[in-house]
Amino acid sequence: MKKEDKIMKERKMPMLPLRGIVVFPYMILHFDVGRTKSMKALEDAMLIDQTIFLSAQIDASEEDPGKEDVYPVGTIARIKQLLRLPGDTIRVLVEGLERAKILSWSDENPYFTVAVASMKTPRSPRNKSEMEALARQVIEHFERYAKLTNRISPDASLSVSAIDDFSRLPDVVASNMNTGVDMKQAILAEPSPKKRLEKLLDILVKEIDILEIERNINSKVRQQIDKTQREYYLREQLKAIQKELGDQEIGRSDESDEYSQKIEEANLPEEVLKKALKELDRLKKMHASSAESGVIRTYLDWLIEMPWQESTKENLDLSHAEEILAKDHYGLEKVKERMLEHLAIRQLREGMHGPIICLAGPPGVGKTSVAKSIAEALNRNYVRMSLGGVRDEAEIRGHRRTYVGAMPGRIITAIKQAGTKNPLILLDEIDKMSSDFRGDPSSAMLEVLDSEQNKDFRDHYLELPYDLSDVLFITTANYKDAIPRPLLDRMEVIDIAGYTDNEKEQIAHRHLIPKQLALHGIGEHRLKIDPAAIREIIHHYTREAGVRNLERTLTSVMRKAAKELVLDPNLVIRVNAKTIQKYLGARKFLVDKAGRVDQVGVARGLAWTPVGGDTLEIEVTLMQGDGSLELTGQLGDVMKESARIARSHVRSKAAEFGIDPMFHKKVDMHLHVPEGAIPKDGPSAGITLATAMVSALTGIAVRHNVAMTGEITLRGRVLPIGGLKEKTLAAHRAGIDTIIIPMENKKDIEDIPEKVLEKLQMIPVSRFDQVLRHALVKMPSEKTSHQPAVMRQEAAQNKKTVDLEPVRNTKTIDQETPQNKSTIKKDEGDHPCS
Ligand code: ADP
């Protein structure tokens, strides 16, 4: 072996520097040679023994490489073929024989001649299985590498796997790889097959890594390009199809352009913008006349037109607010005061909302117009939203877009109408909201009014949260007890009970008339309405707690006057109490001065109605019979129970009141509350019912100037009632001067205007006998037996009755006849004590 090495050592041969290629043993390849020096070397080699030493240039761009410019290890190769090509180049086919190392150089020829020593390797390595494992690894990795590069023929990978020579394997693999010269050279220069395999494996792993990264990047880029190209292609196709379909599609892209411009200009918050663009994208892909595209257009219109960011600058200046409230409204001192307090708190703690204000009272007392003034004072846009009759949750929250004809709910609609995100929204008649199987709107309202939750209020249609926290909500109600309880808990109720006649007159004079004159375009100097005429309207043409009808009636006076004023430009009209009939016709309401005379069996109660208070006559009449109780006048269950309670109490006290204790067996009682078409209910008529009964049973008349209100218990206690102020005002209107009220309502007297109190005597009571003391013209007593006419008639007829039913009636009549005879002196009409 050593000897052989020695022989090999001394081989001298021409050297050809290669540019960009490394030739390995056993490798056959051709390359072109153009440099004269190299051509000369080839020619000389052909003349000697057709072998040549091939070594790679370190720097491929070097035209005339010196000793340092080529790698010291190369390959001895056999020249198999030379082919002269046109233009002084030679194509040469070589076969690598063995790797060799340059020992010395000589430049006696025009080219380099080198003395080289071949680098033989041991044939059978000692650690065969390790080599085997390494070789398998290399093959496996090479296959993977081949797949990834796509540039290696399947034959090459096949031939690689067939090689069982461990020293040859790395050379073949390396020669097939597309790596740089330096890496290939590293393999070539390594004499140990094991190290060669290791180095190669290393290189393969790195290359595979790089290739995989490359492939990922490539596939991403390709996907992107594919998608854009595909969309472009489809869009072009769509355009072509749309053109084919005809005119209706022309202008389609204009429309989507218009939307994208609108969206761009709308200053939408990011989330909304994203949603709008997504919908626009869907719209673009849709047929213009499809139902769905219409739905999307409407939706986009909503998104674009909603005030997402716009707001007005709030004015929290208290004196400014006070001024505006005073200018627009007469009286209402308590309401104004409360509103100002509310604003003051808001000013002290900006961003604090506090409870929602609820203005409660009958129609026409100025609830809406107070709210409007507040909006003006605060410089907020004003929107009124009526909740009357809302029974479906979807009316508040909207319908999902999947429904045909879906729309946003009323809240979102109101905001859009306001055009800002901080309007004042008046939720009118919140007590008229009801619920049914479609859901409870009040729970949706709860969310709207709750400042904790309404930051991102979700409307089903809009699908995006909307911030309601800047909205100032004010609610109104006619009857606060009808407001759903959880809603009521979140509100601060401010009662506006109604106006006295005097207040109404002032309101008409100061506000309604100037306002309506201006609206009708009539100069104040041409039409004058006297205070007496105003009073006439208040008393005889309207019956209400507020001033809405008063205002309406005044406008009808103005309309009629306008005609005359136009016909005669010089005319000046003065309407007084007498001439008012000319404009309004005959009086509509004659003030019922409470019957004027004291009557038996008729008591006057006070009722609360949604339009304020009213007086209510209760009539009781007795007939011969067997003790039935008939109730008419559309009484509700509670009122019917009240009537039974009243009768039981009267029965229990019959002896005390000097009434025949057996009256409940002998007389039928019919109780009627006039104005029978109007349903009535509630417990507050209790004492009135009982008074009318006692009066009928005793024949003692009820004072005509007295009205009363209060619940009665079985044992005759008088319990408190609601709406005292409204009821008192109604009594005042009806010309009554004494009101009996429950003791516990005494505290409410301070709410009643002083002007009214001056003319009214309020009598608080806690027991029913006190009621009688003040209501009846005379207090019944147990010493005097009172007997109404029907019972007396019965006594007169008793003979006949005995004849007809001798056994059953005899006893009864016997018992009662003496008493009857002694007490009844007069007829029913003129009662004994008047
Ligand atoms: P409501 O909302 O309570 O039903 P409105 O606010 O609609 O009542 O009032 C009806 C009319 O009466 C409006 O024109 C209002 O300006 C007027 N009005 C009510 N109260 C007053 C008042 N205290 N001062 C001036 N005008 C009033």
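Within each chain, residue numbers correspond to sequence positions counted from 1 in written order. Whole-chain, interface and lining totals are the exception, using all residues; otherwise, since this is a predicted model, local features are given only for residues with pLDDT of at least 70 and side-chain atom pairs are given and counted only at 80 or more. Processing note: side-chain calculations cover all non-hydrogen atoms of the structure and skip hydrogens and water entirely.

K.L.:
It is not clear to me how a nonpolar patch on the surface should be interpreted in this structure. Could you clarify?
P.N.:
Residues Ile213, Ile217, Val221 and Ile225 make up a contiguous nonpolar surface patch of about 360 Å² in total accessible area. Comment: elements are numbered from the N terminus, with helices defined as DSSP H or I runs of at least four residues and strands as E runs of at least two. You can see isoleucine 225 is positioned in helix H7 (residues 193–245). Patch membership requires over 30% relative accessible area and the absence of a salt bridge. Like charges are linked within 9 Å, and nonpolar side chains (Val, Leu, Ile, Met, Phe, Trp, Tyr) within 5 Å. Here the accessible surface of atoms and residues is derived via Shrake-Rupley with a 1.4 Å probe, and residues count as covered only by protein chains that are part of the display. By definition here, a salt bridge exists when the distance from a side-chain nitrogen of Lys or Arg to a carboxyl oxygen of Asp or Glu is within 4 Å.

K.L.:
Would you mind showing me how to read the site of the ligand here?
P.N.:
What makes a residue near a molecule or strand is one non-hydrogen atom of that residue sitting within 4 Å of it. Neighbouring the ligand are 20 residues, the closest being Gly364, Lys367, Thr368, Lys515 and Arg548. Identification of polar contacts relies on pairs of N or O atoms within 3.5 Å, with a donor-acceptor requirement for protein atoms, meaning one able to donate a hydrogen and the other able to accept it, and with residues adjacent in sequence counted only if both atoms are side-chain atoms. Between the ligand and valine 365, the relevant distance is 3.2 Å, taken from an oxygen atom to a main-chain nitrogen or oxygen of the residue. In the model, an oxygen atom of the ligand is placed 2.9 Å from a nitrogen or oxygen of the serine 369 main chain. Relative to its free-state accessible area of 560 Å², the ligand is covered by the protein chains to the extent of 90%.

K.L.:
Which parts of the structure should I look at to understand the sheet that holds strand S12 (residues 472–477)?
P.N.:
Here a strand pair is declared whenever DSSP counts at least two bridges between the two strands. Spatially, S8-S9-S12-S7-S13 is the arrangement adopted by the 5 strands of the open sheet, whose pairing is parallel. If you trace the sheet from one side to the other, it starts and ends with strand S8 (382–386) and strand S13 (491–495), each paired once. This sheet shows a mean twist of 25 degrees between the axes of neighbouring strands, independent of strand direction. As defined by bridge partners, strand S7 (residues 356–360) adjoins S13 across 5 bridges and the pair is classed as parallel. Looking at S13, one finds that leucine 359 is bridged to isoleucine 494. Its contacts with the sheet put helix H13 (residues 367–378) on S7, S8, strand S9 (424–428) and S12, and the angle it makes with S9 is roughly 170 degrees. Angles here are taken between N-to-C directions and fall from 0 to 180 degrees, while the axes themselves are lines fitted to C-alpha atoms, restricted in helices to the stretch in contact. By the convention used here, residues are in contact when the closest approach between their heavy atoms is within 4.5 Å.

K.L.:
Help me understand helix H15 (residues 410–418) in this model?
P.N.:
Burial classes follow relative accessibility: with a 1.4 Å probe on protein chains only, a residue under 20% of its type's maximum area counts as buried, one over 50% as exposed, and anything between as partly exposed. Among all positions of H15, only Ile411, Ile412, Ala414, Ile415 and Ala418 are buried. All buried residues of H15 fall inside an arc of 160 degrees around its axis, so they share one side. The first or second residue beyond H15 is glycine 419, which carries a positive phi of 80 degrees. In this context, the arc is that of the directions from the helix axis out to the C-beta atoms.

K.L.:
When you look at the confidence of the model for the chain in this model, what are you seeing that I'm missing?
P.N.:
Close inspection of predicted coordinates is inappropriate for parts of the model with low pLDDT. pLDDT measures how confident the predictor is about each residue, on a scale from 0 to 100. On average, residues of the chain score 84 in pLDDT, and 89% of them reach the 70 mark or higher. Scored below 50 in pLDDT, residues 1–7 shows 1 contact in the model against residues more than four places distant or in partner chains. Taken together, the stretch residues 798–834 has pLDDT below 50 and engages in 34 contacts with residues farther than four places along the chain or on a different chain.

K.L.:
So what exactly am I meant to see when it comes to the packing of helix H3 (residues 128–149) against helix H4 (residues 154–162) here?
P.N.:
Angle between the axes and distance between the axes: these two values describe a pair of packed helices. Between H3 and H4, the shortest axis-to-axis distance is 10 Å and the interhelical angle comes to 180 degrees. Classified by the angle their axes make, H3 and H4 are roughly antiparallel. Contact residues: H3 offers Ile139, Phe142, Glu143 and Ala146, while H4 offers Ala156, Ser157, Val160 and Ser161. Here the term charged refers only to Asp, Glu, Lys and Arg, the term nonpolar to Ala, Val, Leu, Ile, Met, Phe, Trp, Tyr, Cys and Pro, and the term polar to all other amino acids, Gly among them. Considering only residue class, the contact of H3 with H4 consists of 5 nonpolar, 2 polar and 1 charged. With respect to orientation, any angle under 35 degrees is reported as roughly parallel, any angle over 145 as roughly antiparallel, any angle of 65 to 115 as roughly perpendicular, and every other angle as oblique.

K.L.:
Please clarify how the environment of alanine 56 should be interpreted in this entry.
P.N.:
With respect to the helices, strands and loops of the structure, alanine 56 is situated in strand S3 (residues 51–56). Overall, alanine 56 belongs to the buried group, its relative accessible area being 4%. Separated by 129 residues in sequence, alanine 56 and glutamine 185 have C-alpha atoms that sit 7.9 Å apart. Other than its neighbours up to four places away in sequence, alanine 56 contacts Leu18, Ile21, Val22, Asp69, Val70, Tyr71, Val181 and Gln185.

K.L.:
Would you mind showing me how to read the pattern of salt bridges here?
P.N.:
In a structure, side chains of opposite charge can pair up when their charged atoms sit close to one another. All chains considered together, the criterion is met by 45 salt bridges. Where glutamate 341 meets arginine 338, a salt bridge forms, and the shortest distance between an N and an O atom there is 2.6 Å. You can see glutamate 341 and its partner arginine 338 sitting in helix H12 (residues 333–348), 3 residues apart, about one turn around the helix. Taken together, the shared-partner salt bridges connect Lys275, Glu279, Arg282, Glu292, Arg401 and Glu463 into one network.

K.L.:
How should the nonpolar core be read in this particular structure?
P.N.:
If you look at soluble globular proteins, the nonpolar side chains tend to sit buried side by side. What is meant by a nonpolar core is a set of buried Ala, Val, Leu, Ile, Met, Phe, Trp, Tyr and Cys residues, joined one to another through side-chain atoms within 4.5 Å. Of all hydrophobic cores here, the largest spans 54 residues; its most connected members are Phe31, Leu54 and Val173. Looking at this core element by element, the count peaks at 9 residues for H3. In this structure, valine 173 is in contact with Val138, Phe142, Val160, Leu200 and Leu204, ignoring residues within four places of it in sequence. If you look at the next biggest cluster of nonpolar residues, it comprises 52 residues, including Tyr259, Ala276, Ala414 and Phe473.

K.L.:
What is the right way to look at the packing of aromatic side chains in this model?
P.N.:
Any pair of aromatic rings gets described here by the distance separating the centres and the angle formed by the planes. Planes of paired rings set the category: under 30 degrees apart is stacked, over 60 is edge-to-face and the rest tilted, where pairs are Phe, Tyr or Trp rings (Trp by its six-membered ring) whose centres lie within 6.5 Å. This structure, assessed with the given rule, holds 7 aromatic pairs. Arranged with centres 6.5 Å apart and planes meeting at 70 degrees, the rings of tryptophan 302 and tyrosine 461 form a pair that is edge-to-face. A residue pair is termed long-range when its members are at least 10 positions apart, and tryptophan 302 in helix H10 (residues 291–305) and tyrosine 461 in the loop between strand S10 (457–458) and strand S11 (465–466) qualify at 159 residues. What makes tyrosine 461 buried here is its relative accessible area of 2%. Relative to tyrosine 466, the ring of tryptophan 308 has its centre 5.4 Å away and its plane inclined at 50 degrees; by these criteria the two rings are tilted. Here the residue tryptophan 308 occupies a position in the loop between H10 and helix H11 (318–328), and tyrosine 466 occupies one in strand S11, the gap between them amounting to 158 residues. With respect to burial, tryptophan 308 and tyrosine 466 carry one shared label: buried. Clustering of aromatic rings is evident, with ring pairs tying together Tyr299, Trp302 and Tyr461. Two limits define a charge over a ring: the Lys NZ or Arg CZ must be within 6 Å of the ring centre, and within 35 degrees of the ring normal. Arginine 401 extends its terminal NZ or CZ atom over the ring of tyrosine 299, reaching a point 3.7 Å from the ring centre. Lysine 416 extends its terminal NZ or CZ atom over the ring of tryptophan 302, reaching a point 3.9 Å from the ring centre.

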